[in-house]
Amino acid sequence: MRQQDGSTKPRPPSLAEQRAREQAQRDLVAADQAREAEYARKKKVRKRLLIGGGVTVGVVALVAIGYAALSPDDVTATCTTSDDVVVADDNNCDENYARSHGGYSSGGFIYMPIVGGGYSQYRYNYGGTGVVGQKISGGTTVKPPKASISTRSGTSIQRGGFGVSSGGSKSGGS
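Nothing here was measured: the structure is a model prediction, and the numbers come from that model.

Draft legend 1. Geometry of a nonpolar patch on the surface. A surface patch of nonpolar side chains, amounting to about 360 Å² of accessible area, comprises Ile51, Val55, Val59 and Val63. Here Val55 shows up in helix H1 (residues 15-70).

Draft legend 2. Quick peek at the state of the cysteines. Within the structure shown, the criterion is met by 1 disulfide. Between the sulfur atoms of Cys79 and its disulfide mate Cys93 the distance is 2.1 Å. Where Cys79 bonds to Cys93 through sulfur, the torsion about that S-S bond is close to 80 degrees, and the disulfide is right-handed. Placement of Cys79 in strand S1 (residues 74-81) and of Cys93 in the loop between S1 and helix H2 (95-100) is noted, with a sequence separation of 14 residues between them. Across the pair, Cys93 and Cys79 agree in class, each one buried.

Draft legend 3. Representation of a positive patch on the surface in the model. Where like charges cluster on the molecular surface, the positive patch consists of Lys42, Lys43, Arg46 and Lys47. Mapped onto the elements, Arg46 comes out in helix H1. Judged by its relative accessible area of 49%, Arg46 falls in the partly exposed class.

Draft legend 4. Representation of the packing of aromatic side chains within the structure. Enumeration over the complete set of coordinates arrives at 4 aromatic pairs. Seen in terms of ring centroids, Tyr104 and Tyr111 are 4.8 Å apart; in terms of plane orientation they differ by 20 degrees. Their pairing is stacked. On the accessibility criterion, Tyr111 (15% relative accessible area) is buried. Counting every residue linked through ring pairs, the aromatic cluster contains Tyr104, Phe109, Tyr111 and Tyr119.

Draft legend 5. Expanded view of the pairing of strand S3 (residues 109-113). Pairing analysis gives 3 bridges linking strand S2 (residues 104-106) to S3, with the strands arranged antiparallel. Bridge assignment links Tyr104 to a residue of S3, and that residue is Tyr111. Here S3 runs beside strand S4 (residues 119-126); their pairing, made up of 4 bridges, is antiparallel. Paired with Met112 across the two strands is Ser120, which belongs to S4.

Draft legend 6. Representation of the UniProt feature "transmembrane region" (unreviewed entry) in the protein within the structure. The UniProt feature table records "transmembrane region" (unreviewed entry) at residues 49-70. Its end C-alpha atoms 31 Å apart, residues 49-70 is made of 100% helix and 0% strand.

Draft legend 7. Representation of the pattern of salt bridges in the model. The tally for this structure, following the rule as stated, stands at 4 salt bridges. Among the ionic pairs, Asp32 bridges to Arg35, the shortest N-O distance being 2.3 Å. Remark: Arg35 and Asp32 occur in helix H1; sequence separation between them is 3 residues, near one turn of the helix. Relative accessible area serves as the criterion here: at 38%, Asp32 is assigned to the partly exposed category. The shortest N-O distance in the salt bridge between Arg41 and Glu38 comes to 2.7 Å. Here Arg41 and its partner Glu38 are both found in helix H1, 3 residues apart, which amounts to about one turn of the helix. Taking relative accessible area as the criterion, Arg41 reaches 44% and is therefore assigned partly exposed.

Draft legend 8. Spotlight on the side chain of Asn125. Positionally, Asn125 belongs in strand S4. A polar side-chain atom of Asn125 sits 3.0 Å from the main-chain amide nitrogen of Gly128. Within polar-contact distance, the side chain of Asn125 engages the backbone oxygen of Gly138 at 3.4 Å.

About the cut-offs
- Along every chain, residues carry numbers that run from 1 in the direction the sequence is written.
- The model is predicted, so local features are restricted to residues of pLDDT at least 70 and side-chain atom pairs to those at 80 or more, both for listing and for counting; the totals for chains, interfaces and linings are taken over all residues.
- The basis for the side-chain values is all heavy atoms of the structure; hydrogens and waters are excluded.
- For patches, a residue must show more than 30% relative accessible area and have no salt bridge; joins then use 9 Å for like charges and 5 Å for nonpolar side chains, namely Val, Leu, Ile, Met, Phe, Trp and Tyr.
- Exposure was quantified through the Shrake-Rupley algorithm and a 1.4 Å probe, taking into account, for residues, occlusion by the shown protein chains and nothing else.
- Salt bridges are defined by distance alone: a side-chain nitrogen of Lys or Arg within 4 Å of a carboxyl oxygen of Asp or Glu.
- Strands are runs of DSSP state E lasting at least 2 residues, helices are runs of H or I lasting at least 4, and numbering of each runs from the N terminus.
- The disulfide definition used here is simple: a pair of cysteine sulfur atoms within 2.5 Å.
- Exposed residues in this analysis have more than 50% of their type's maximum accessible area, buried residues have under 20%, and partly exposed residues fall in between, with area computed by a 1.4 Å probe over protein chains only.
- Residues scored as positive are Lys and Arg, those scored as negative are Asp and Glu, and His as well as the terminal groups of each chain are ignored.
- In plain terms, the charge of a residue is placed at NZ if it is Lys, CZ if Arg, CG if Asp and CD if Glu.
- Aromatic pairing here means that ring centres of Phe, Tyr or Trp (its six-membered ring) are within 6.5 Å. Orientation follows from the plane angle: under 30 degrees is stacked, over 60 is edge-to-face, and everything else is tilted.
- If DSSP finds at least two bridges between two strands, the strands pair.
- UniProt positions are given in the numbering used here, feature names are shortened, and annotations may be inferred rather than shown by experiment.
- In protein, a polar contact requires one atom able to donate a hydrogen and another able to accept it; more generally it is a pair of N or O atoms within 3.5 Å, and residues adjacent in sequence count only if both atoms are side-chain atoms.

Here you go:
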C-alpha cells in the first residue's frame with residue numbers, strides 16, 4: 001500500500017504520553033509566570049532607583065542652596081593660638097610682621113619666636129569672637145569660600161580657599 005486512504009485512526013496517546021504533554025504544558029506556564037515575575041521585579045527596582053536618584057538630586061540641590069544662602073559674604077578673621085583657643089594680637093598672624101621679627105609661616109601656621117627660645121604657633125579663626133588673651137568663641141579654622149575676609153584691625157586678607165593662589169602663573173614657551 002502506497003497511500004493511506006484515511007480510514008485508519010491515530011491511536012490514542014498512552015498514559016505516559018498524556019502525562020508528558022501535561023507536564024510540558026505546566027512547564028511552559030511556569031516559565032511564562034517566572035518571566036513575568038522577573039520583569040515586574042526589575043520594573044519595581046528600576047522605579048525605586050529612579051525615585052531615589054531624584055530624591056538624592058533634590059536633597060543635594062537643597063543643601064547647596066542652603067549653604068549658599070547661609071555662607072557669609074563678609075567674615076572677620078581673628079588671630080588665635082595654634083590650638084584655636086586663645087585670641088592673640090592680629091600682628092602674630094601677619095606673615096610680613098612675623099618675618100620682620102624672626103618668625104616664619106608654614107602650612108597655614110605663623111611661627112613667632114618666644115623669649116627663652118622656641119616658637120609660638122598662630123593661625124586665623126574665621127567668624128569667631130573674643131578679646132585678646134581670652135578664649136575664642138565659635139568660628140572655624142577653614143576659610144569660607146567666596147568670602148571677603150578682614151582681620152579685626154581692618155586689614156583685608158586672602159588666605160587659602162578655592163581659587164586663591166599664592167604663586168604667579170607659569171607658562172611654557174616653545
